Amino acid sequence: MDNKFPIEPPVHRFSDQMMVGCEVVHSSRKLNDLADIFVDREAIGSCDPDTPVYEVDAYMPVAEGVSGGLYLGVTRILPGKVGREYFMTKGHFHRLETRPEFYWGMQGEGVLLTMDRNCRVRAEAMFAGSIHYIAGGLAHRVVNTGNAQLSFGACWPSDAGHNYEEILHAGFPVSVQDRDGEPALIEL
Ligand code: M6P
Ligand code: ZN
């Protein structure tokens, strides 16, 4: 008998911390793209600028800027440090201040830093299974404090946009650094 309503395979899936499926957009950042965010200027100068730091896979089913859609991403941050500061994402505010985002830990260990407009910072532990709601108006950055890859999922509105400029000009007032083998929040 013909099955009129066959069960289709999903269009997308996670496999080995990657997103697999049609129209997945891949991007990556190397130290060269992130040089300004690390505090130790001497250490960054002695690092190979081609060193990979993190990769992002994203499924963006509607055009950027369109209201009402959702994007899904997975970010993989390699283990590593610049001086004593751990590898991390560039970090951003959303262009539309009211737009929130979910992050969730998938693998590895790290810290989610958020910062409000008054530079008040909050740090949350990230691990496989951790869930993080990032309210609109908060800048967000993820730091890999472990010895292995940290991967995390993200879901954000298609009209949120990325505002990197403010992070570059008035960055996070804290840095997550290795102190005797343990991650510590250092005030800048
Ligand atoms: C998550 C999402 C993306 C973001 C990526 C890397 O997957 O928040 O929107 O681009 O992390 O973070 P950033 O853009 O700060 O480098
Ligand atoms: Zn975001």
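On a predicted model such as this, the values are computed, not experimentally measured, just so you know.

The rules we used
- Residues numbered from 1 in each chain as written.
- Chains lettered and ligands numbered in written order.
- Predicted model: local features only at pLDDT ≥ 70, side-chain atom pairs only at ≥ 80, totals over all residues.
- Heavy atoms only, no water.
- Helix = DSSP H or I, 4+ residues; strand = E, 2+ residues; numbered from the N terminus.
- Rg over C-alpha atoms; globule rule 2.2 N^0.38 Å.
- Contact = heavy atoms within 4.5 Å.
- Areas by Shrake-Rupley, 256 points an atom, 1.4 Å probe, with all protein chains shown as cover.
- Lys, Arg positive; Asp, Glu negative; His and termini not counted.
- Charge placed at Lys NZ, Arg CZ, Asp CG, Glu CD.
- Buried < 20%, exposed > 50% of the residue type's maximum accessible area, 1.4 Å probe, protein only.
- Donors = N, O, S within 2.8 Å, 3.2 Å for Na, K, Ca; no water.
- Tetrahedral: all angles 85-135°; square planar, octahedral: opposite > 155°, others 65-115°.
- Pairing = 2+ DSSP bridges.
- Axes fitted to C-alpha atoms, helices over the stretch in contact; angles between N-to-C directions.
- Near = heavy atom within 4 Å.
- Nonpolar A, V, L, I, M, F, W, Y, C, P; charged D, E, K, R; others polar.

(A) The arrangement of the overall build of the protein chain in detail. When its secondary structure is counted, the protein chain shows three helices and 15 strands. Relative to a compact globule of 188 residues, whose C-alpha radius of gyration would be 16 Å, the protein chain shows 18 Å and is just as compact. Once the C-alpha set of the protein chain is aligned to its principal axes, its extents read approximately 70 × 35 × 30 Å. Taking as baseline every contact in the protein chain between residues at least 6 positions apart, the subset at least 24 positions apart corresponds to 68%. On the protein chain, roughly 10400 Å² of surface is accessible, and the fraction owed to carbon and sulfur atoms is 53%. The positive charge centre, built from 16 side chains, and the negative charge centre, built from 26, are 3 Å apart in the protein chain.

(B) Structural context of the side chain of Ser 130. Considering the arrangement of structural elements, one finds Ser 130 in the loop between β10 (121-127) and β11 (131-134). For Ser 130, a relative accessible area of 5% gives the class buried. Not counting residues within four places of it along the chain, the set of residues in contact with Ser 130 comprises Tyr 103, Trp 104, Gly 105 and Ala 125.

(C) Structural view of the coordination of the zinc ion (ligand 2). Looking at the zinc ion (ligand 2), the protein donor atoms are His 92 (NE2), His 94 (NE2), Glu 101 (OE) and His 140 (NE2), and they sit 2.0 to 2.2 Å from it. Coordination at the zinc ion (ligand 2) is irregular, judged from the four donor atoms that bind it and the angles of 87 to 156 degrees they form at the metal. The sequence motif formed by the donor residues of the zinc ion (ligand 2) is H-x1-H-x6-E-x38-H. Since its relative accessible area comes to 4%, Glu 101 is described here as buried.

(D) Representation of the sheet that holds strand β9 (residues 109-115) within the structure. On the basis of which strands lie adjacent, the open sheet formed by three strands has the order β10-β9-β12 and antiparallel pairing. Pairing within the sheet leaves two strands with one partner each, and these edge strands are β10 and β12 (139-144). Direction aside, neighbouring strands of the sheet carry axes that sit 20 degrees apart on average. Sheet analysis places β9 next to β10, joined by seven bridges and oriented antiparallel. Bridging across to β10, Thr 114 finds its partner in Arg 122.

(E) Structural detail: the site of ligand 1. What surrounds ligand 1 is a group of 15 residues, the closest being Tyr 54, Glu 101, Tyr 103, His 162 and Tyr 164. Broken down by element, the residue count for the shell around ligand 1 peaks at three residues, all from strand β13 (residues 150-157). The residue makeup of the shell around ligand 1, split by class, is seven nonpolar, five polar and three charged.

(F) Expanded view of the pairing of strand β4 (residues 52-59). Both strand β3 (residues 24-30) and β4 contribute to a ladder of seven bridges, which runs antiparallel. The residue of β4 that forms the bridge with Lys 30 is Pro 52. The sheet contact formed by β4 and strand β5 (residues 70-77) spans six bridges and is antiparallel. Within β5, the position partnered with Val 56 by the bridge is Thr 75.

Everything listed is a geometric property; what it means functionally is a separate question.
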